[in-house]
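Understanding the architecture of this molecule
So the chains spell out like this:
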Amino acid sequence: FGSGDSNQITLAIDNLGSNNLYSLEISTSQFREWEVDGTRYPFQINQDNVHLDSGIIARLENPYHKEHYLYVCAGLGEWGTTGAAYYLFRNWEKLYKRFKKNKNFCLVLEVEVGSDQTAREVRAFIPD
């Protein structure tokens, strides 16, 4: 829960050799962005001047206990993080049905700053 910037467990998961889902990168303007399958997802402001944080939900096979998974709910900022946790809490049954055959997956979310309940999926990534 939280990005590797603030959470040691997430940092360890970020650095697993088996994590082919996402990375946390620095843009040319020195801001953090998620990179998922070659596409970057920054903190942004939409056409209505609403600030949008980017969050992810990632599920990876646990390399130490193959019968378990590792989950990451993280954002570029606090609203992306809480929005990802909120989204997982509200949608875990749908996600289980949707992704149960895939060991690893990553969802990219956008969340309006100030309301984690606005979290919405903008991309799903399942590696080959």
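Refer to the structure presented above.
Below or above, wherever it landed, is the structure these notes cover. (Residues numbered from 1 in each chain as written. Predicted model: local features only at pLDDT ≥ 70, side-chain atom pairs only at ≥ 80, totals over all residues. Heavy atoms only, no water.)

1. Topic: the overall build of the protein chain
Applied cut-off: The way it works is that DSSP assigns letters per residue, a run of H or I at least four long becomes a helix, a run of E at least two long becomes a strand, and they are numbered from the N terminus. Atoms considered for the radius of gyration are the C-alpha atoms alone. The globule rule reads 2.2 Å times the number of residues to the power 0.38. Here's how the labels work: a residue is buried when its accessible area is under 20% of the maximum for its type, exposed when over 50%, partly exposed in between, all with a 1.4 Å probe on protein chains only. Two residues qualify as a contact provided that any one of their heavy atoms is within 4.5 Å of a heavy atom in the partner residue. Areas reported here follow the Shrake-Rupley algorithm with a probe of radius 1.4 Å; residue values treat only the protein chains shown as occluding.
Looking only at helices and strands, one finds two helices and eight strands in the protein chain. Listing the helices and strands of the protein chain from first to last along the sequence gives α-β-β-β-β-β-β-α-β-β. Expected size for 128 residues packed as a compact globule is a radius of gyration near 14 Å; at 14 Å, the protein chain falls within 12% of this value. By its C-alpha atoms, the protein chain is 45 × 30 × 25 Å across when sized along the principal axes. Counting over 128 residues, the protein chain shows a buried share of 41%. For the protein chain, the proportion of contacts with a sequence separation of at least 24, taken over those separated by at least 6, is 50%. Of the roughly 7600 Å² of accessible surface on the protein chain, a fraction of 49% belongs to carbon and sulfur atoms.

2. A word on the side chain of aspartate 53
Selection rule: Under the counting rule used here, the positive set is Lys and Arg, the negative set is Asp and Glu, and His together with the chain ends is not counted. One side-chain nitrogen of Lys or Arg within 4 Å of one carboxyl oxygen of Asp or Glu is enough to make a salt bridge. N or O atoms within 3.5 Å of each other form a polar contact, as long as, within protein, one can give a hydrogen and the other can take it, and as long as residues adjacent in sequence are counted only when both atoms are side-chain atoms.
Within the element layout of this structure, aspartate 53 appears in strand S5 (residues 51-61). Although buried, aspartate 53 forms no salt bridge, and the nearest oppositely charged side chain, arginine 32, lies 6.5 Å from it. A distance of 3.0 Å separates the side chain of aspartate 53 from the backbone nitrogen of glycine 77, its partner in a polar contact. In terms of polar contacts, aspartate 53 uses its side chain to reach the backbone amide nitrogen of tryptophan 79, at 3.4 Å. For aspartate 53, the contacting residues outside a window of four places in its chain are Phe43, Gly75, Leu76, Gly77, Glu78, Trp79, Gly80, Leu109, Glu110, Val111 and Val113.

3. Quick look at helix H2 (residues 78-99)
Formally: Helix span, as expected, comes to 1.5 Å for every residue beyond the first. By definition, a residue's bend is the angle between the axes fitted to the seven residues ending there and the seven starting there.
Under the 1.5 Å per step criterion, the end-to-end length of H2 is only 26 Å for 22 residues, more than 12% shorter than the ideal 32 Å. Where H2 bends most, at asparagine 91, the angle is about 75°. Considered for burial, the residues of H2 that qualify are Gly80, Thr81, Gly83, Ala84, Tyr87, Leu88, Asn91, Leu95 and Phe99. Buried positions along H2 lie against S5, strand S6 (69-75), strand S7 (105-112) and strand S8 (120-125).

4. With respect to the sheet that holds strand S2 (residues 32-36)
Selection rule: Paired strands are those between which DSSP finds at least two bridges. For every element, the axis is a line fit to its C-alpha atoms; helices are fit only across the contacting stretch, and the angle between N-to-C directions ranges from 0 to 180 degrees.
Strand order across the open sheet formed by three strands is S1-S2-S3, with antiparallel pairing between neighbours. For this open sheet the edge positions go to strand S1 (23-26) and strand S3 (39-42), each flanked by a neighbour on one side alone. On average, each strand axis in the sheet is tilted by 40° relative to the strand beside it, whichever way the strands run. With four bridges joining them, S1 and S2 adopt antiparallel strand pairing. Paired with isoleucine 26 across the two strands is arginine 32, which belongs to S2.

5. A closer look at the side chain of glutamate 110
Within the secondary structure layout, glutamate 110 lies in strand S7. Within the structure, glutamate 110 has its side chain in polar contact with the side chain of arginine 120 (distance 2.8 Å). Residues contacting glutamate 110, with those up to four places away along its chain left out, are Gln44, Leu52, Asp53, Thr118, Ala119, Arg120 and Val122.

Function cannot be inferred from these measures alone, as they are strictly geometric.
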